[in-house]
Amino acid sequence: MARKIRPVVSIVSTAAVVLATVLFVYWAIHSPLQVQRFLVRLVLISLIIFLAILFVRYFALLWFSYLQHAEKTARGRVESHNLPPVSVVVPAYNEARVLDDAMEALLRLDYPTYEVIIVDDGSIDETVEVARQWEGQHGDVAVRVLTKANGGKATALNAGIAQAQYSFILCMDADSWIEPQTLHVVMPHFEDPSVGAVAGNVKIFNRDNLLTRLQALEYIEGLNMPRRAQGFLGAVNVVPGPVGVFRLEALQEVGGYDADTFAEDADLTLQLITAGWRIIYEDSAITWTQGPTNLIDLIQQRYRWTRGILQAVRKQKWILLRPFPDFPLWLSAVEMAFEGVVWPVLNVYAHLFFAIVALLFGMGELLLYWWILLTLLDLVVALITVSMEEESLSLVPLAVVYRFFFILFLDVTKTFAAVEEALNLGMDWGKLRRIELSQITRAGHR
Amino acid sequence: MSVIDLLITIIVVTILVTIALGVMSYLAYKLRLARRPRQTEEDRAESRYFVIHEPPPESAPATEDTSVAET
């Protein structure tokens, strides 16, 4: 993507949003009594609608994710004798510090036949040197290294896919560590010829501080639980970058990854669903990844995710207007647009609105009961989802600060990202700081 | 101040402080982005994979020989 980045415009648009909010508050304070009474009624109705949307959303997600969990439990572990060979593609840009750990995990995969292709995307650190040390034969596993001029993750993945010799491709990130059973549990899904891809279960590895522990809960409750629900419908809307297995035929049908969004994983997945492929979720296909350890890095990541997802939805915007004949596809696209722009903006302004009106018009008790209800809901959802994932229950109490601090904080970024995407402002990838595996303590999880 | 009033105060303050923190962190991110040195077109063109051969000045006019470091 070659857009000129204009940080001044970003800052001005941010200031405009903040100013509009401040002006609204000023107007609310100085408006006539009738208007203030109207605002109070509006708050009450908004609170009820907000709660209703939350309950419906959570109920639908929990119900479908429970059905997926029950179906899988009833089916038991599927042992398949048909385990076709797989090509693993690992795109890497300046990943010298973490590539060794990723490769060690890859070579521990419990799978009969696979190859590994590391694609260096024009790194300017020692990534190529580190990758070359892994090149060659490791038992039955051949490791190859490709290098190319820097062109972005999508082009690196496409380069690796073009060189793959097998009909199934595992695409993963160089900063992630895959569990040994991953391919073993994923490949039986492909016996259904309509399955084009299988999304794996991404978990946060570094749970050293409150921020990373909240991300660990978010991945379980906010990402993996919806994926379970979507998986039940065969319409997972994002096959995550750290772990996704694709049928080569499906990739070829949609032309591989496009390089015109910053969420190539979401973009590809939507294209696959549009082409009629089923996208399944496998919760036993676990890959560990690093979460950002400070607020600025977290904002950088979520900003890119939000804009990338909105870019992907915008490419397929026609889907939003056609619920039939492909209802799961429509549902996936609607959910993506809703979670990407509608909900974050609603969430921020709802909280701000409630807080200010409660302060100005003495509705504090109502706000308290609303908070208690939401927190209880969050605790219950956290308990259910953490249990389904067989994760540490020590994450559940974090649900108390999950919504009112963590999600609200991220939704501010998402709101600005949505505004910037609507204004078509420039952006770039940004590179998160990586920490070597040996420096991370695995605190608080099995 | 009763317990309920205290809880209400905490909730309201948390909401307002979180939103303010979100806005400030977002601006800090944008400022960090603005201060980062931009990669120029010249930097992009200087790739480790292309070595341009320059003939010695005394030699006869020669064709440009660009060797590509293949991997």
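Above this note sits the structure.
Owing to the predicted nature of the structure, the values given are computational and were not obtained by experimental measurement.

How each quantity is defined
- Residues numbered from 1 in each chain as written.
- Chains lettered and ligands numbered in written order.
- Predicted model: local features only at pLDDT ≥ 70, side-chain atom pairs only at ≥ 80, totals over all residues.
- Helix = DSSP H or I, 4+ residues; strand = E, 2+ residues; numbered from the N terminus.
- Buried ≥ 20, exposed ≤ 12 C-beta atoms within 10 Å, placed from the backbone.
- Contact = placed C-beta atoms within 7 Å.
- Nonpolar A, V, L, I, M, F, W, Y, C, P; charged D, E, K, R; others polar.
- Pairing = 2+ DSSP bridges.
- Core = buried A, V, L, I, M, F, W, Y, C linked by C-beta atoms within 7 Å.

Draft legend 1. Representation of the overall build of chain B in the model. When its secondary structure is counted, chain B shows 2 helices and 2 strands. Moving toward the C terminus, one meets the helices and strands of chain B in the order α-α-β-β. By the burial criterion, 14% of the 71 residues in chain B qualify as buried.

Draft legend 2. Just the interface of chain A and chain B, in detail. Opposite the 31 residues of chain A that make contact, chain B presents 25 residues. Among the elements of the structure, α1 (7-30), β4 (141-147), α10 (295-315), α11 (327-361), α12 (364-388) and α13 (399-422) of chain A are those that each provide at least two residues to the side of chain A that touches chain B. In terms of residue count, α13 of chain A provides more of the side of chain A that touches chain B than any other element does, 7 residues in total. A class-by-class count of the residues in the side of chain A that touches chain B yields 23 nonpolar, 7 polar and 1 charged.

Draft legend 3. Structural view of the pairing of strand β9 (residues 278-289) of chain A. Residue and element names in this part refer to chain A. Counted residue by residue, β9 has 10 buried out of 12 residues, so it is predominantly covered. Relative to β9, strand β6 (residues 176-178) is paired through 3 bridges, and the arrangement is antiparallel. Along β9, the bridge assignment pairs Ile-178 with Thr-287. Taken together, the 8 bridges between strand β7 (residues 195-204) and β9 define a ladder with parallel strand orientation.

Draft legend 4. Main features of the nonpolar core. All names here are of chain A. Among the nonpolar cores identified, the biggest contains 132 residues, and Val-88, Val-89, Val-90, Ile-118, Ile-169, Ala-197 and Ile-279 are the most heavily contacted of them. For this core, the element with the most residues is α11, which contributes 13 residues. Discounting residues that sit within four places of it in the chain, Ala-197 has contacts with Val-239, Gly-244, Val-245, Phe-246, Arg-247, Ala-250, Leu-272, Trp-277 and Ile-279.

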